[in-house]
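# Structural description and commentary
Next come the chains, spelled out residue by residue.
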Amino acid sequence: MRENDFDNLLELLASPASMPADAWRRLLAEPDYGQRRQLALLARGVAQSNFSTGVYVRALIEISSYCRNNCNYCGLRCANKLAQRYRLGKDEILGCCRFAATLGFNTFVLQGGEDPVQGDEWLADVVAAIRSEFPEKAITLSVGERTSEGYSLLRNAGADRYLLRHETANAGHYSMLHPHSMSQANRLRCLADLKRLGYQVGAGMMVGSPGQTAEHLVEDLMLLDELQPQMIGIGPFIPATGTPFAGEQPGSVELTLQLISLLRLRFPKALIPATTAVATLCDDGTERAVLAGANVVMPNVTPPSYCEKYTIYDNKKNNGSESAQQLDVLAGKLDKIGYFIDYSRGDFNGGSSARSAVK
Ligand code: 5AD
Ligand code: SF4
């Protein structure tokens, strides 16, 4: 792309003005090698001016591998007979929180499949117990689609944040990735409810999921501009044994990193994790994601005997930088690139939305 055009696009990206589809299209497809490098350097600079060289950590607790849904990409889909199932009880979850607290974590993330046994009331009771034992800690939930009443109950019980990726902004692509029982309309309803209830909300998509085109990614970026999520999680698609997409190719790490940089430039204060999927496909994935503009890592505190069963995709990494037991590994990796672990709660701190309202 001509240097002038590229500079204009970068200026637009950093401005409150709306981004036309074509601007995203060109930023995704056209930069040459030097311009891609420039994108990463700029994104890193923006992250550092907002978060210094700190990377927030969240303790990830995988509370159930049961799921009533049947997403075509996910190893935990209910039709996958090869999946090993477990669910943690209230005391086990509290035990994980206590362990995480001794390690210095200030955010707990409870993530799980849509397990009917862990319904709204049950989970609200667990959240309330965590809240009363740890009044100062942030509680994040990532437990799928629920009713407005369910989200409200959980919020009142003390949950602060909620991760629910939109997966893809394109309705046709959404139906290709999901069974008929799921709809994009309901996913967007959930995200709107969560926002209305005052959660800090995380959205995001897989990169390189089967059937995804560059145009779908443009739609994803436009949807994120509309949603203004406080957290944005993206990671490459990775095939999972026992699913309809088991034989598909994984998504591109390079493209994921490029997207992290574009997101950092567009959402300077957003919380953007270096996801496990990037670390799974690439040994130095965590470091590369941080250098591309990511500022969160979510090490696992689930007991190893359980977390090895939480296989949303094959070979999911659960050691080294992804394991809370090995925080020193993460600290060492970050230190090598000039970063450090920031143990504070790391709330979103960008006013009412990730940028000034974009209309
Ligand atoms: N590859 C990569 N990411 C996946 N997820 C689920 N299955 C896969 C897969 N096969 C992601 C989805 C989901 C998040 C918890 O994990 O985006 O929202
Ligand atoms: Fe269940 Fe989530 Fe996997 Fe879909 S992506 S099958 S909702 S755990």
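This is a predicted model, so every value here is computed, not measured.

### Remarks on the site of ligand 1
Every residue close to ligand 1 is listed here: Y73, C74, R165, E167, M206, P236, F237, I238, I312 and Y313. For ligand 1, an oxygen atom lies 2.9 Å from a polar atom in the side chain of R165. I238 places a polar main-chain atom, nitrogen or oxygen, 2.7 Å from a nitrogen atom of ligand 1. Its residues assigned to classes, the shell around ligand 1 comprises eight nonpolar, no polar and two charged.

### Here's the deal with the state of the cysteines
Tallying each qualifying case throughout the model produces zero disulfides. Of all cysteine sulfurs, the one in C67 lies closest to C78, which takes part in no disulfide; the gap is 7.0 Å. You can see C190 has no disulfide; the closest cysteine sulfur is in C71, sitting 12 Å from it. In this structure C190 comes out as buried when scored by relative accessible area, which is 0%.

### Here's the deal with the sheet that holds strand 1 (residues 54-57)
One open sheet accounts for three strands, arranged 10-1-11; its pairing is parallel. Edge positions in the sheet fall to strand 10 (296-297) and strand 11 (340-342), since each has one partner strand and no second. Inspection of the sheet shows strand 1 paired to strand 10 by two bridges, in the parallel sense. Bridge pairing in strand 10 places Y56 opposite V296. Docked against the sheet, helix 14 (residues 327-336) engages strand 1, strand 10 and strand 11, running at close to 125 degrees with respect to strand 11.

### As for the pattern of salt bridges
Applying the stated criterion across every chain yields a total of 21 salt bridges. As a salt-bridge pair, K316 and E62 come within 2.9 Å of each other at their nearest N and O atoms. Of the two residues, K316 sits in the loop between helix 13 (304-307) and helix 14 while E62 sits in strand 2 (residues 59-64), which places them 254 residues apart along the sequence. E62 matches K316 in its accessibility class, with the two residues each being buried. The salt bridge partner of D115 is R87, with a shortest N-O separation of 2.7 Å. One end of the pair, D115, is in the loop between strand 3 (107-112) and helix 5 (120-133); the other, R87, is in the loop between strand 2 and helix 4 (90-103), and 28 residues separate them in sequence. Note on R87: relative accessible area 31%, which makes it partly exposed. Shared partners join several salt bridges into a network, and the residues in it are R2, D5, R26 and E30.

### Re unusual backbone geometry
With phi around 50 degrees, Q228 is a residue other than glycine that occupies positive phi space. As for its position among the elements, Q228 is in the loop between helix 9 (214-227) and strand 8 (231-232). Since its relative accessible area comes to 6%, Q228 is described here as buried. Located in the positive-phi region is N315, a residue other than glycine, with phi close to 60 degrees. With respect to the helices and strands, the residue N315 is situated in the loop between helix 13 and helix 14.

Definitions and limits used
- Residues numbered from 1 in each chain as written.
- Chains lettered and ligands numbered in written order.
- Predicted model: local features only at pLDDT ≥ 70, side-chain atom pairs only at ≥ 80, totals over all residues.
- Heavy atoms only, no water.
- Near = heavy atom within 4 Å.
- Polar contact = N/O pair within 3.5 Å; in protein donor to acceptor, adjacent residues only side chain to side chain.
- Nonpolar A, V, L, I, M, F, W, Y, C, P; charged D, E, K, R; others polar.
- Disulfide = S-S within 2.5 Å.
- Buried < 20%, exposed > 50% of the residue type's maximum accessible area, 1.4 Å probe, protein only.
- Pairing = 2+ DSSP bridges.
- Helix = DSSP H or I, 4+ residues; strand = E, 2+ residues; numbered from the N terminus.
- Contact = heavy atoms within 4.5 Å.
- Axes fitted to C-alpha atoms, helices over the stretch in contact; angles between N-to-C directions.
- Salt bridge = Lys/Arg side-chain N within 4 Å of Asp/Glu carboxyl O.

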